[in-house]
Amino acid sequence: EAGLLADGVVAQSVADSRAFWAIRDANSEFASHCGPCVDFDIGLAVGVMDDFARLCGQSLAQRLPGCESFFFGHVGDGNLHIMVSTPGGYDTDKPLIEETVYRLVGRFGGTVSAEHGIGLTKKPWLHLARSDQELALMRAIKCALDPKSLLNPGKIF
């Protein structure tokens, strides 16, 4: 109503709501149509998501000819999901895909994990999205809250 969106839909009924959720939940069907995908759950400022998605898609296509990338998510809270499928295969192309996506995430001031934490999978990429000072602060907080490193030892620090 305020003219802030060029295109948008608001559920008008329970049936609409169910239909919207069905679309949202359909992301699990990517693998059955595209084969194994490398998936991402990143966080970005809403204002840069469009530029990020365009550049990321272009970068992936340049570095991995024939790949397909899909961008979706609940962008209103800064959460963007990406699924990338390549002809070279999951195991062969995964490192290059991750490096491409996570470097751009850092360049756009985002985070390598929006919802699911860093864990072991995203640990090697954390430095691309966090400064040395931020990492030091994270270590200090971890030490203050868990001085004996009993909680998730070795996961991030």
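Structural data are supplied above this passage.
Residues numbered from 1 in each chain as written. Predicted model: local features only at pLDDT ≥ 70, side-chain atom pairs only at ≥ 80, totals over all residues. Heavy atoms only, no water.

## Topic: the overall build of the protein chain
Scanning the protein chain for helices and strands turns up six helices and three strands. Taken from the N to the C terminus, the helices and strands of the protein chain come in the order α-α-β-α-β-β-α-α-α. The principal-axis extent of the C-alpha atoms belonging to the protein chain is close to 50 × 40 × 25 Å. Across the 157 residues in the protein chain, those meeting the buried criterion constitute 31%. Partitioning the intrachain contacts of the protein chain with sequence separation of at least 6 by distance along the chain shows that 60% fall at a separation of at least 24. Here the protein chain has roughly 10,000 Å² of accessible surface; of this, 57% comes from carbon and sulfur atoms. (Helix = DSSP H or I, 4+ residues; strand = E, 2+ residues; numbered from the N terminus. Buried < 20%, exposed > 50% of the residue type's maximum accessible area, 1.4 Å probe, protein only. Contact = heavy atoms within 4.5 Å. Areas by Shrake-Rupley, 256 points an atom, 1.4 Å probe, with all protein chains shown as cover.)

## Some details on the sheet that holds strand β1 (residues 38-43)
Here three strands make up an open sheet; going across it, the order is β1-β3-β2 and the pairing antiparallel. The outermost strands of the open sheet, each flanked by one partner alone, are β1 and β2 (68-72). For this sheet the average axis-to-axis angle between neighbouring strands, irrespective of direction, equals 20 degrees. The pairing of β1 with strand β3 (residues 79-85) spans six bridges and is antiparallel. Residue D39 lies in a different strand from β3, and its bridge partner there is M83. Each of β1, β2 and β3 is contacted by helix α3 (residues 49-63), which is oriented at about 165 degrees to β2, the strand it contacts most. (Pairing = 2+ DSSP bridges. Axes fitted to C-alpha atoms, helices over the stretch in contact; angles between N-to-C directions.)

## What about the environment of A61?
Inspection of the secondary structure assignment puts A61 in helix α3. A relative accessible area of 40% places A61 in the partly exposed class. As for A61 and T86, which are separated by 25 residues in sequence, their C-alpha atoms are 9.5 Å apart.

## Quick look at a nonpolar patch on the surface
On the surface, a cluster of nonpolar side chains totalling about 310 Å² of accessible area is made up of V9, F20 and I23. Its location among the elements puts V9 in the segment before α1 (14-25). Owing to a relative accessible area of 62%, V9 belongs among the exposed residues under this scheme. (Patch = residues over 30% accessible without salt bridge, like charges linked within 9 Å, V, L, I, M, F, W, Y side chains within 5 Å. Salt bridge = Lys/Arg side-chain N within 4 Å of Asp/Glu carboxyl O.)

## Regarding the pairing of β2
For β2 and β3, the ladder comprises five bridges, and the chain directions are antiparallel. Bridging from a neighbouring strand, F72 pairs with H81 of β3. With antiparallel pairing between neighbouring strands as the criterion, β2 and β3 make up a hairpin whose turn holds six residues, including G73 at a positive phi of roughly 145 degrees.

## Some remarks on the environment of C37
Position of C37 among the secondary structure elements: in the loop between α2 (30-34) and β1. Taking C-alpha positions, C37 is 12 Å from T92, a pair spaced 55 residues apart along the chain.

## With respect to the packing of aromatic side chains
In this description, a pair of aromatic rings is defined by centroid distance and the angle of the planes. Applying the stated criterion across every chain, the model contains three aromatic pairs. On the basis of an interplanar angle of 80 degrees and a centroid distance of 5.2 Å, the ring pair of F40 and Y102 is categorised as edge-to-face. Placement of F40 in strand β1 and of Y102 in helix α4 (residues 90-107) is noted, with a sequence separation of 62 residues between them. Using a relative accessible area of 2% as the deciding quantity, one classes Y102 as buried. Within the aromatic cluster, the residues linked to one another by ring pairs are F40, Y102 and W125. (Phe/Tyr/Trp six-rings, centres within 6.5 Å; stacked < 30°, edge-to-face > 60°.)

## Description of α1
Helix length check: α1, at twelve residues, gives a terminal C-alpha distance of 16 Å against a target of 16 Å (1.5 Å per residue), a fit within 8%. At the N-terminal boundary of α1, the capping side chain belongs to S13, with an oxygen 3.4 Å from the backbone nitrogen of A15. (Expected span 1.5 Å × (residues − 1). Polar contact = N/O pair within 3.5 Å; in protein donor to acceptor, adjacent residues only side chain to side chain.)

Note that all results are geometric; they support no functional claim without further evidence.
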